[in-house]
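# Overview (structure and organization)
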2 protein chains.
Amino acid sequence: MRAEIIAVGTEILLGEITNTTTPFVARELADLGIDVYYQSVIGDNAERLEAAIKLADSRSELIILTGGLGPTKDDLTKQTLAAHLNEKLVVDAPAMAYIEEFFARSKRPMTENNRLQAMLPANSTPLKNPVGMAVGALYQAPAHTYMLLPGPPSELEAMFIDSARPILVAKFKQASVLESRVLRFHGIGESALVTQLADLIDSQTNPTIAPYAKTNEVTLRLTAEATDQANAQQLLIELEAEVQARVGAYFYGYGEHNSLEQVVVQLLKQRNLTITAAESLTSGLFQSMIANVSGASTVFNGGFVTYSLAEKAHLLQIDAAQLHKYGVVSQETALAMARQAKQIMQTDIAISFTGVAGPDTLEGQPAGTVYIGIAYRDQAPIARKFSFSKSRNSVRQQSALMGFDLLYHLLVVDK
Amino acid sequence: MRAEIIAVGTEILLGEITNTTTPFVARELADLGIDVYYQSVIGDNAERLEAAIKLADSRSELIILTGGLGPTKDDLTKQTLAAHLNEKLVVDAPAMAYIEEFFARSKRPMTENNRLQAMLPANSTPLKNPVGMAVGALYQAPAHTYMLLPGPPSELEAMFIDSARPILVAKFKQASVLESRVLRFHGIGESALVTQLADLIDSQTNPTIAPYAKTNEVTLRLTAEATDQANAQQLLIELEAEVQARVGAYFYGYGEHNSLEQVVVQLLKQRNLTITAAESLTSGLFQSMIANVSGASTVFNGGFVTYSLAEKAHLLQIDAAQLHKYGVVSQETALAMARQAKQIMQTDIAISFTGVAGPDTLEGQPAGTVYIGIAYRDQAPIARKFSFSKSRNSVRQQSALMGFDLLYHLLVVDK
């Protein structure tokens, strides 16, 4: 079973966007035990795309085309595949209904091009797009399986996991059962994680272990193959126990679609705890991440963005003389911010962020110096210092995520 | 002049690392006016790599191979290319001296494999590696130019800029000059934008027009080719005038690396205006985006996250009876939030966000219903209603971005 991925898009060819969808699909296929032998990128050009599909026919059985399903003139992937297959383009009714409803609701004019996004080669199986308009397709020819997936990563990933993956599993994995489990880690880099698991990774056959570095976190996907689900699960349980024994200190949750903020909000809900925040360098990012989680309003009512020293004094009612004495980049200020935010908002927990996002230094402290304070129930507030690196916005993101990490460990320890 | 980039490495093929070197090389070549028609990824397999080089010979003149120059057993790019060219591998003396010195200095044992990193196909021009051991190479055959570059991005980029680029400029730089300009639009979808420019896009030859959909915005890249920079710029000026006449209402700025929040913060700085925000459904996202911009502290001191009705009353001192009367999803509440935030923070501008992020309805209003209020100087506050669609977090992001859009138009009109 040889698979090949063809990404279509002039903007990828010109290097204007980095192709992250091909690696995603490659990892997913590897996880299903399907070997990817070739990846290529072709511009928005029907002739060269047709040549690429012909070449793929000559050397691969599963051919995955990504991108070029959009509404513009240069989007021609499905037209080219349909012509190659000698099929007409036909309308997928559910996709068309979704598009029409979208334009009706947003009161924007719908063009003829938008209708094109609901079309696919005749005799295809449609692949629903859970987050966008372009429908995907799977087409089974005698010697080849073709798959059409959208270019935007969020659309492709959702479509692949929801629709494409189950079909591939059913098609190519019949004799045995595949079960996977994704473990999520924060606070450890990919290379450090891999080093601690080196012997397990080197000797993997079944289950397999696939580490992926995400932005500011790492996931491990464990995949087991067995004659039935129970046996596959048993293999996963044994491997996970070994993994947790080594790197469990950095583990925070399961699942491909999970996040530290989801896990923390869930814990807060379970414990009936309320939270607020006082944010300086993160400037609302932490609170925005809380609201990423649906139903956050049961634990979060609001909080403060105190970007300047003056507003730390004004909104949080902290003594200005004290702020000037210790500086905003200090443990004392982080403690005072958390204490005051908790007091004003009458919550169970308050978290504070103050520090230097950069690029410039502040109060003589280098960019990346961050204090995070936590006031928890009637315990004495605590504050920890961190030294993050990389860009201004990476420092801000790492800070907010570390806030959730500290809360996770606080809540897990204090049952 | 057709160029092709072949990245060699099983770890790229498996999706274990994201290929960032190919986009880098592609951008550099585009910048030199060299057209990249194909990109591909091949595993560490001599037979498939040889087939890929043969295919490249059939369709491209400049063939760039990246990766596989390392010291391990699976690194075989230059061996495969040398065999393809019928050349022996020979030692590059400066590279060998560097490697020997490195191992002498670090007192680590030097293996035979390490010597391989200093070798290149006979009759090549060596390309010095300023940050690593593997030497690169340029080989001129009668009909093809081959280039060998290392896989690690830091090595490849340094080698390309220091050594490869100057050679390519001397070899291929055409008599003409390429100039580009990126125009950024918000509030119009890609398909609607393209429809309004359809005749320009259909008839494009020089300058070219390339539309790209980004998250919640669209960019257009105009690229002109001429005998000199002034003529190329003149072509761009004429085309942009035509584009602006049609879709200028949605235009907000220039540049590949720009954003609506950057443009708005810049305008605020120029006008010496200060801003605050009171955020309900966006929950700090707008304020976090302000702080994305370095130097935001000159215009922004802080603000409010008032997620619950109670905190709109408490933190913003809005009459609770009025909030209950109109509901949080209302124009009146958006106006009151903006008015009170401006009053409390004593800023020139305050913006407010209140509405239904979803997925559930709120106060009988569907997910995506959002009111944005603006209090500006001594003008009467205004509030507008929007109906956004897609996911909860997309609604929140679209809301925050629309806030910057409203401010942009306010500031551009009120000079």
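Residues numbered from 1 in each chain as written. Chains lettered and ligands numbered in written order. Predicted model: local features only at pLDDT ≥ 70, side-chain atom pairs only at ≥ 80, totals over all residues. Heavy atoms only, no water.

What follows covers the confidence of the model for chain A. For chain A, mean pLDDT is 92; residues scoring 70 or higher make up 99% of the total. Interface confidence in the predicted complex, given as ipTM, is 0.76; pTM for the same model is 0.76. (pLDDT = per-residue confidence, 0-100.)

Looking along a regular strand, one sees the side chains alternate between the two faces of the sheet. Residue and element names in this part refer to chain B. Within strand 15 (residues 349–355), 7 of the 7 residues are buried, which leaves the element mostly enclosed by the surrounding structure. Here strand 15 shows two buried faces, one formed by Ile349, Ile351, Phe353 and Gly355 and the other by Ala350, Ser352 and Thr354. Summarising the sheet, strand 13 (residues 275–279) and strand 15 pair through 5 bridges and their orientation is parallel. Bridge pairing in strand 15 links Ile275 to Ile349. Strand direction decides the pairing type here: strand 15 and strand 16 (residues 369–376), joined by 7 bridges, are antiparallel. The partner of Phe353 across the bridge, within strand 16, is Ile372. (Buried < 20%, exposed > 50% of the residue type's maximum accessible area, 1.4 Å probe, protein only. Helix = DSSP H or I, 4+ residues; strand = E, 2+ residues; numbered from the N terminus. Pairing = 2+ DSSP bridges.)

In this approach the atoms are scanned with a rolling probe the size of a water molecule, which exposes any empty space left behind. Enumeration over the complete set of coordinates arrives at 6 cavities of 30 Å³ or more. Taken together, 14 residues line the largest cavity, and the ones lying closest to its centre are Asn19 and Val41 of chain A together with Asn19, Gln39 and Val41 of chain B. Mapped by element, the contributors of at least two residues to the lining of the largest cavity are helix 2 (21–31) and strand 2 (35–42) of chain A together with helix 2 (21–31) and strand 2 (35–42) of chain B. Computed from the structure, the second largest cavity encloses a volume of approximately 110 Å³. Lining the second largest cavity are 17 residues; nearest its centre among them are Leu55 and Arg59 of chain A together with Ser40, Leu55 and Arg59 of chain B. Broken down by secondary-structure element, the contributors of at least two residues to the lining of the second largest cavity are strand 1 (2–8), strand 2 and helix 3 (46–59) of chain A together with strand 1 (2–8), strand 2 and helix 3 (46–59) of chain B. If you tally residues by element for the lining of the second largest cavity, the top one is strand 2 of chain A, at 4 residues. Here the residues of the lining of the second largest cavity are counted per class, giving 10 nonpolar, 3 polar and 4 charged. (1 Å grid on protein atoms, 1.4 Å probe; cavity = no way out; pocket = protein on both sides within 12 Å on 5 of 7 lines; lining within 4 Å. Points joined across faces, edges and corners; volume = space filled by probe spheres on them. Nonpolar A, V, L, I, M, F, W, Y, C, P; charged D, E, K, R; others polar.)

Next up on the list: the interface of chain A and chain B. Each partner contributes to the interface: chain A provides 67 residues, whereas chain B provides 67 residues. In total, about 5,300 Å² of surface goes out of reach between chain A and chain B, with carbon and sulfur atoms giving 54% of it. Scanning the region where chain A abuts chain B turns up 0 salt bridges. On the surface where chain A and chain B come into contact, there are 30 residue pairs in polar contact (both at pLDDT 80 or more). Considering each element in turn, the side of chain A that touches chain B owes the most residues, 7 residues, to strand 2 of chain A. (Contact = heavy atoms within 4.5 Å. Buried area = accessible area lost by both parts, 1.4 Å probe. Salt bridge = Lys/Arg side-chain N within 4 Å of Asp/Glu carboxyl O. Polar contact = N/O pair within 3.5 Å; in protein donor to acceptor, adjacent residues only side chain to side chain.)

It is worth spelling out the nonpolar core at this point. In terms of nonpolar packing, the biggest core is built from 84 residues, with Phe286, Ile349 and Leu407 of chain A together with Phe286, Ile349 and Leu407 of chain B touching the most fellow members. Dropping the residues within four chain positions of it, Leu407 of chain B is found in contact with Val264, Ile275, Phe286, Ile349, Ile351 and Ile374 of chain B. (Core = buried A, V, L, I, M, F, W, Y, C linked by side-chain atoms within 4.5 Å.)

This next bit is on the UniProt feature "domain: MoaB/Mog" (unreviewed entry) in chain A. Under the present numbering, the feature "domain: MoaB/Mog" (unreviewed entry) in UniProt falls on residues 4–171 of chain A. A distance of 17 Å separates the end C-alpha atoms of residues 4–171 of chain A, which is 45% helix and 22% strand. (UniProt positions renumbered as here; feature names shortened; annotations may be inferred.)

This paragraph deals with the packing of helix 3 of chain A against helix 4 (residues 77–85) of chain A. All names here are of chain A. Two numbers describe how helix 3 lies on helix 4: the axes approach to 10 Å, and their chain directions differ by 55 degrees. On the basis of the axis angle, helix 3 is oblique to helix 4. Note on packing geometry: the crossing formed by helix 3 with helix 4 is right-handed. Residues Ala46, Leu49, Glu50, Ile53, Lys54 and Asp57 of helix 3 lie in contact with helix 4, whose contacting residues are Thr77, Thr80, Leu81 and His84. The residue makeup of the contact of helix 3 with helix 4, split by class, is 4 nonpolar, 3 polar and 3 charged. (Axes fitted to C-alpha atoms, helices over the stretch in contact; angles between N-to-C directions. Parallel < 35°, antiparallel > 145°, perpendicular 65-115°, else oblique. Left-handed = near helix turned anticlockwise from the far one by under 90°.)

Next up on the list: the side chain of Thr80 of chain B. All names here are of chain B. Relative to the helices and strands, Thr80 is located in helix 4 (residues 77–85). Side-chain polar atoms of Thr80 contact the backbone oxygen of Leu76, separated by 2.7 Å. Setting aside residues no more than four positions away along its own chain, Thr80 makes contact with Ala46, Leu49, Glu50 and Ile53.

Before going further, it helps to examine the packing of aromatic side chains. Scanning the entire structure with this criterion turns up 16 aromatic pairs over all chains. Here the aromatic rings of Phe286 of chain B and Phe404 of chain B are separated by 4.2 Å at their centres, their planes lie at 20 degrees, and the arrangement is stacked. Here the residue Phe286 of chain B occupies a position in helix 12 (residues 285–292), and Phe404 of chain B occupies one in helix 16 (residues 392–413), the gap between them amounting to 118 residues. Neither residue differs from the other here; Phe286 of chain B and Phe404 of chain B are each classed as buried. The structure contains a cluster of three or more aromatic residues connected by ring pairs, namely Phe185, Phe251 and Tyr254 of chain A. Lying over the aromatic face of Tyr37 of chain B, Arg2 of chain B brings its terminal NZ or CZ to 4.3 Å of the ring centre. Sitting over the face of the ring of Tyr38 of chain B, Arg59 of chain B holds its NZ or CZ atom 3.7 Å from the ring centroid. (Phe/Tyr/Trp six-rings, centres within 6.5 Å; stacked < 30°, edge-to-face > 60°. Lys NZ or Arg CZ within 6 Å of the ring centre and 35° of its normal.)

Once that is clear, we can look at the domain arrangement of chain A. All names here are of chain A. In terms of domain boundaries, chain A breaks down into domain 1 (2–171), domain 2 (177–254) and domain 3 (260–413). Distance between the C-alpha centres of domain 1 and domain 2: 30 Å. Of the residues lining the interface, 5 residues belong to domain 1; the matching set on domain 2 comes to 6 residues. The junction of domain 1 with domain 2 conceals about 490 Å² of combined surface from both sides, 44% of it contributed by carbon and sulfur atoms. A per-residue breakdown of the area domain 1 buries against domain 2 is headed by Arg27, Asp31 and Arg165, which together make up 74% of the total. Counting the contacts that link domain 1 with domain 2 gives 2 salt bridges. Glu28 is the partner of Arg221 in a salt bridge, and the nearest nitrogen-oxygen pair spans 3.2 Å. Linking domain 1 with domain 2 are 4 residue pairs in polar contact (both at pLDDT 80 or more), by the criterion used here. Ranked by residues supplied to the side of domain 1 that touches domain 2, first place goes to helix 2 with 3 residues. (Domains from an automatic or database assignment.)

The next subject is the pairing of strand 16 of chain B. All names here are of chain B. Burial of strand 16 is extensive: 8 of the 8 residues sit out of reach of the surface. Taking every second residue as pointing to the same face, both faces of strand 16 are buried, with Thr369, Tyr371, Gly373 and Ala375 on one and Val370, Ile372, Ile374 and Tyr376 on the other. For strand 16 and strand 17 (residues 382–387), the ladder comprises 6 bridges, and the chain directions are antiparallel. Residue pairing across strands places Thr369 opposite Ser387, the latter belonging to strand 17.

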